[in-house]
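# Inside the fold
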Amino acid sequence: MSLDAESRRAVVEYRIERAYKTLDEASEVAEQGWYNLSANRLYYALWYVGSALLISLGHPVKTHSGMIALINLHFVKTGILSLDDGALLSQMFSLRQSSDYEDFKQVTKEQLEELEPQIRELVEKLKKLIKI
């Protein structure tokens, strides 16, 4: 994805907005008891803001594992983000994968109640790192 500065800014702003809407979706579906779907939306909020961050730095990614690897390389290994932040990103990717694709995998209300505040905090941290 080769973007000029104006297009890069538009994509980054769109993905940030999408991250926040996706967090809202996660809360709404959790209220309905759809915990697997809520976990999916929480992960995608991280995907949107994480990919926005990387695009803002000129490192667009096409895959989820690519986004996680570059966040770890540029932000966790350098100490800008904590090891716990990197672990949470990986944990949510794994949870989303298993709850979307494995038979009988059920995310619990308790898991979401523990994870959601951490994810919201990580979304904020990633957003603050964006320079556009």
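Just so we're clear, the structure is a prediction, and the values are computed from it rather than from any experiment. (Residues numbered from 1 in each chain as written. Predicted model: local features only at pLDDT ≥ 70, side-chain atom pairs only at ≥ 80, totals over all residues. Heavy atoms only, no water.)

## Comments concerning the overall build of the protein
Each helix and strand counted, the protein has 5 helices and 0 strands in total. Mapped from its N terminus to its C terminus, the protein presents α and β elements in the order α-α-α-α-α. Here the C-alpha radius of gyration of the protein, 15 Å, is about what a compact globule of 132 residues would show, namely 14 Å. Counting only C-alpha atoms, the protein reaches 45 × 30 × 25 Å along its principal axes. Expressed as a percentage of the 132 residues in the protein, the buried residues total 44%. Across the protein, the fraction of contacts at a sequence separation of at least 24, relative to all contacts at a separation of at least 6, is 62%. Here the protein has roughly 7,400 Å² of accessible surface; of this, 51% comes from carbon and sulfur atoms. (Helix = DSSP H or I, 4+ residues; strand = E, 2+ residues; numbered from the N terminus. Rg over C-alpha atoms; globule rule 2.2 N^0.38 Å. Buried < 20%, exposed > 50% of the residue type's maximum accessible area, 1.4 Å probe, protein only. Contact = heavy atoms within 4.5 Å. Areas by Shrake-Rupley, 256 points an atom, 1.4 Å probe, with all protein chains shown as cover.)

## Looking at the packing of helix H4 (residues 83–101) against helix H5 (residues 109–128)
In the contact formed by H4 and H5, the axes pass within 11 Å of each other and the chain directions differ by 125°. As far as their axial angle goes, H5 and H4 are oblique. Crossing angle aside, the handedness with which H4 passes H5 is left-handed. For the pair H4 and H5, the contacting residues are Asp85, Leu88, Leu89, Gln91, Met92 and Leu95 in the first and Gln111, Leu115, Gln118, Ile119, Leu122 and Lys125 in the second. (Axes fitted to C-alpha atoms, helices over the stretch in contact; angles between N-to-C directions. Parallel < 35°, antiparallel > 145°, perpendicular 65-115°, else oblique. Left-handed = near helix turned anticlockwise from the far one by under 90°.)

Everything listed here is a matter of geometry and, on its own, says nothing about what the molecule does.
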